[in-house]
Amino acid sequence: MTDMVRIFVNSRPVDGEPGESVIGAISRWDSELAEQLNTGKKALSDSRGLSIALDTVVYNGAIFRVVSARQLQEILDPFEGVV
């Protein structure tokens, strides 16, 4: 039996495998959500709202949020388009 790593995605507990990427854990938990992340319709951030790469390795207690890709872009560059 392999020890699982407990992460949280949008406040919901998700089990990942040690050394697994966050997108791998999300794929087993919710394949539709994983597809939206993979295609760029949704984006992944940490608990502070900072962008997270989908290949980030999971660890116990990690907190992730799924946001619209546009919403995350506005957080990363709030002055985009301002002259």
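Whatever comes next refers back to the structure up there.
Everything in this summary refers to the structure shown in the same document.

Definitions and limits used
- Residues numbered from 1 in each chain as written.
- Predicted model: local features only at pLDDT ≥ 70, side-chain atom pairs only at ≥ 80, totals over all residues.
- Heavy atoms only, no water.
- Helix = DSSP H or I, 4+ residues; strand = E, 2+ residues; numbered from the N terminus.
- Contact = heavy atoms within 4.5 Å.
- Axes fitted to C-alpha atoms, helices over the stretch in contact; angles between N-to-C directions.
- Parallel < 35°, antiparallel > 145°, perpendicular 65-115°, else oblique.
- Nonpolar A, V, L, I, M, F, W, Y, C, P; charged D, E, K, R; others polar.
- Pairing = 2+ DSSP bridges.

## Brief notes about the side chain of Asp 46
Take Asp 46: it is sitting in strand β3 (residues 42–46). For Asp 46, the residues in contact, after removing those within four places along its chain, are Ile 52, Ile 63 and Arg 65.

## Comments concerning the packing of helix α1 (residues 22–29) against helix α2 (residues 31–38)
As a packed pair, α1 and α2 sit with axes 6 Å apart at the nearest point and diverge in direction by 140°. Considering their axes alone, α1 and α2 lie oblique with respect to each other. Contacts between α1 and α2 involve Ile 23, Ile 26, Ser 27 and Trp 29 from the former and Ser 31, Leu 33, Ala 34, Leu 37 and Asn 38 from the latter. Among the residues forming the contact of α1 with α2, the class breakdown is six nonpolar, three polar and no charged.

## Quick look at the sheet that holds strand β4 (residues 63–68)
Read across the sheet, four strands follow the order β2-β1-β4-β3 without closing on themselves; strand pairing throughout is mixed. Looking at which strands have only one partner, the edges of the open sheet turn out to be β2 (12–16) and β3. Ignoring strand direction, the axes of neighbouring strands in this sheet form an average angle of 35°. Where β3 and β4 come together, five bridges link them in antiparallel fashion. Note on β4: the bridge partner recorded for Asp 46 is Phe 64. The strands that α1 touches are β1 (5–9), β2, β3 and β4; relative to β2, the one it contacts most, it runs at about 110°. Helix-sheet contacts for α2 involve β3 and β4, and the interaxial angle to β3 is about 95°.

Don't take any of this as a statement about function, it's just geometry.
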